[in-house]
Amino acid sequence: MTSAELSQTGRYPAGSLAFPHRGLLGLAGLAPHELLFLLDEAEQWVELNRQPQKRADRLAGLTIINAFFENSTRTLLSFEIAGKRLGADVVNMAVAQSSVKKGETLIDTAMTLNAMRADAIVIRHGSSGAVRLIADKVDCPVLNAGDGQHEHPTQGLLDALTIRQALFDKRKGEFNGLIVTICGDILHSRVARSNIHCLTTLGAEVRVCAPPALMPAGIEQMKVTPYHDFDKALAGADVVMMLRLQQERMEGQFIPSPREYRHLYGLTLHRLALAKPDALVMHPGPMNRGVEIDSNVADLAGRSMITRQVEMGVAMRMACLEVLTRKARGVEGWA
Ligand code: ASP
């Protein structure tokens, strides 16, 4: 069933009411049906991406700018492939060679991007809130590709899609009662925040685990249960999501040593046995093998979803770009 047909079943409101937002800056505050709508929309692109012929020209004639002020491998490539598969002209702004390096303010960069009349702008920035600042200054939809420690919404969505595809029958999938353990540098992780918003909204039970120095104060307010003991956090988990230590956001010493960290918080085969027998292993990448995750776990056939997450990333980003440009394309019901 397409999402238009599903809307007739009452799964979500018809037309633009299914997703009445101009851009995608975060998953906080989105309704369950809005998240489900985006997940359902992505299914068709998962199918298309598995065909030899992967072009769908829905966005032909549109221009998408990827403006990444912070390093990226997966997310930038994934957005570029997503835009191109939908037939859009995709332009990557080379920040290292741009006027940003000459001291141009973010607002001036935003106004420049706006004057180029892009139809969507995808932004990654090292400062939390910077993407919103730009979004407020431009006329087209903005998609947040990760801002500081704040949010990485398409990662949260692609992770939910990966879980749903692996664990549930596609359409009837229920997140209710699912136990997801997220372990690592929770303090600096935008991936953790977006996943927490998404998974708790969809009804999953989320546990977060980190050494005390890497656990944000008041995290309970996000409706998660904090743990410092990884073994306890793993007991009975359906999904184990590991996070990298974000050294680039740390000033000073947060952990004694990588060796000590692995000893307490590294996902080994031995530890994984504490979770459910068929528990999924996830990691947003880049991985530090031998620190937060052992290679034999990262590569564990049938259980590790790490390359599947990358695959789902392209489909999820195609869905977000397609939905957010519906108004500009005059799609019926999205005026
Ligand atoms: N790639 C993810 C991000 O951009 C996770 C990470 O860098 O550790 O947030």
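S.K.: What am I meant to see in the overall build of the chain here?
M.R.: If you tally the helices and strands in the chain, you get twelve helices and nine strands. If you line up the chain on its principal axes, its C-alpha atoms span 55 × 55 × 40 Å. The buried share among the 335 residues of the chain stands at 55%. Total accessible area on the chain stands at roughly 14500 Å², and carbon and sulfur atoms take up 52% of it. When the 37 positive and 36 negative side-chain charges of the chain are each reduced to one mean point, those points stand 2 Å apart.

S.K.: Help me understand the packing of helix α2 (residues 32-49) against helix α6 (residues 153-167), please; the structure alone is not making it clear to me.
M.R.: When two helices pack together, you describe them by how their axes are tilted relative to each other and by the distance separating the axes. The interhelical angle for the contact between α2 and α6, taken along N-to-C directions, is 70°, at an axis separation of 10 Å. In terms of orientation, α2 and α6 fall into the roughly perpendicular class. Of the two elements, α2 crosses α6, and the hand of that crossing is right-handed. Facing α2, whose interface residues are Leu 35, Leu 36, Leu 38, Leu 39, Asp 40, Ala 42, Glu 43 and Val 46, α6 presents Leu 157, Ala 160, Leu 161, Arg 164 and Gln 165. When grouped by side-chain class, the residues that make up the contact of α2 with α6 number nine nonpolar, one polar and three charged.

S.K.: Where do I start with the pairing of strand β2 (residues 89-93) in this structure?
M.R.: Side chains on a regular strand alternate between the two faces of the sheet. By the bridge criterion, five bridges tie strand β1 (residues 63-68) to β2 in an arrangement that is parallel. Pairing of Asn 66 across the sheet is with Asn 92, part of β2. The handedness of the β1 to β2 crossover, carried by helix α3 (residues 74-85), is right-handed.

S.K.: Can you help me understand the side chain of Thr 75 in this one?
M.R.: Tracing the backbone shows Thr 75 in helix α3. A distance of 3.2 Å separates the side chain of Thr 75 from the side chain of Arg 124, its partner in a polar contact. The residues touching Thr 75, leaving out its near neighbours within four places in the chain, are Phe 68, Arg 124, Ala 145, His 152 and Arg 317.

S.K.: What is the right way to read the layout of surface pockets from this model?
M.R.: Considered as a void within the structure, the largest pocket measures approximately 410 Å³ in volume. Elements represented by at least two residues in the lining of the largest pocket include exactly α3 and α7 (190-201). Here the lining of the largest pocket is composed, by residue class, of four nonpolar, ten polar and seven charged.

S.K.: When you look at the pattern of salt bridges in this model, what are you seeing that I'm missing?
M.R.: A side chain with one charge can pair with a side chain of the opposite charge if their charged atoms come near. A complete count under the given rule lists 19 salt bridges for this structure. Close ionic contact of Arg 207 with Glu 205 constitutes a salt bridge, the shortest N to O distance being 3.5 Å. Among the residues examined, Arg 207 registers a relative accessible area of 9% and is labelled buried. Residue Glu 205 is classed as partly exposed on the basis of its relative accessible area of 37%. For Arg 326, the salt bridge identified is with Glu 322, shortest N-O distance 2.8 Å. Glu 322 shares its class with Arg 326; the two are buried. Among the charged side chains, a salt-bridge network with shared partners connects Glu 41, Arg 58, Glu 322, Arg 326 and Arg 329.

S.K.: Would you mind going over the sheet that holds strand β3 (residues 120-125) with me for this structure?
M.R.: The strands making up a sheet associate through backbone hydrogen bonding, with each pair oriented either parallel or antiparallel. Here we have four strands laid out as an open sheet, ordered β2-β1-β3-β4, and parallel in their pairing. Looking along the sheet, the strands with just one partner apiece sit at the ends: β2 and β4 (142-147). Mean inter-strand twist for the sheet, computed between neighbouring axes without regard to direction, equals 15°. Relative to β3, β1 runs parallel, the two being bridged by five bridges.

S.K.: Quick question: what am I supposed to make of empty space enclosed by the protein here?
M.R.: A probe as big as a water molecule, rolled over the atoms, marks out the empty space that is left. For the structure on display, the rule yields one cavity of 30 Å³ or more. The volume enclosed by the largest cavity comes to roughly 80 Å³. Lining the largest cavity, in full, are Arg 74, Thr 75, Ser 78, Gln 155, Leu 158, Pro 284, Ile 306, Gln 309, Val 310, Gly 313 and Arg 317. Those elements that place two or more of their residues in the lining of the largest cavity are α3, α6 and α12 (306-324).

Reading the values: rules and limits
Residues numbered from 1 in each chain as written. Predicted model: local features only at pLDDT ≥ 70, side-chain atom pairs only at ≥ 80, totals over all residues. Heavy atoms only, no water. Helix = DSSP H or I, 4+ residues; strand = E, 2+ residues; numbered from the N terminus. Buried < 20%, exposed > 50% of the residue type's maximum accessible area, 1.4 Å probe, protein only. Areas by Shrake-Rupley, 256 points an atom, 1.4 Å probe, with all protein chains shown as cover. Lys, Arg positive; Asp, Glu negative; His and termini not counted. Charge placed at Lys NZ, Arg CZ, Asp CG, Glu CD. Axes fitted to C-alpha atoms, helices over the stretch in contact; angles between N-to-C directions. Parallel < 35°, antiparallel > 145°, perpendicular 65-115°, else oblique. Left-handed = near helix turned anticlockwise from the far one by under 90°. Contact = heavy atoms within 4.5 Å. Nonpolar A, V, L, I, M, F, W, Y, C, P; charged D, E, K, R; others polar. Pairing = 2+ DSSP bridges. Right-handed = clockwise from strand over helix to strand, strands pointing away. Polar contact = N/O pair within 3.5 Å; in protein donor to acceptor, adjacent residues only side chain to side chain. 1 Å grid on protein atoms, 1.4 Å probe; cavity = no way out; pocket = protein on both sides within 12 Å on 5 of 7 lines; lining within 4 Å. Points joined across faces, edges and corners; volume = space filled by probe spheres on them. Salt bridge = Lys/Arg side-chain N within 4 Å of Asp/Glu carboxyl O.

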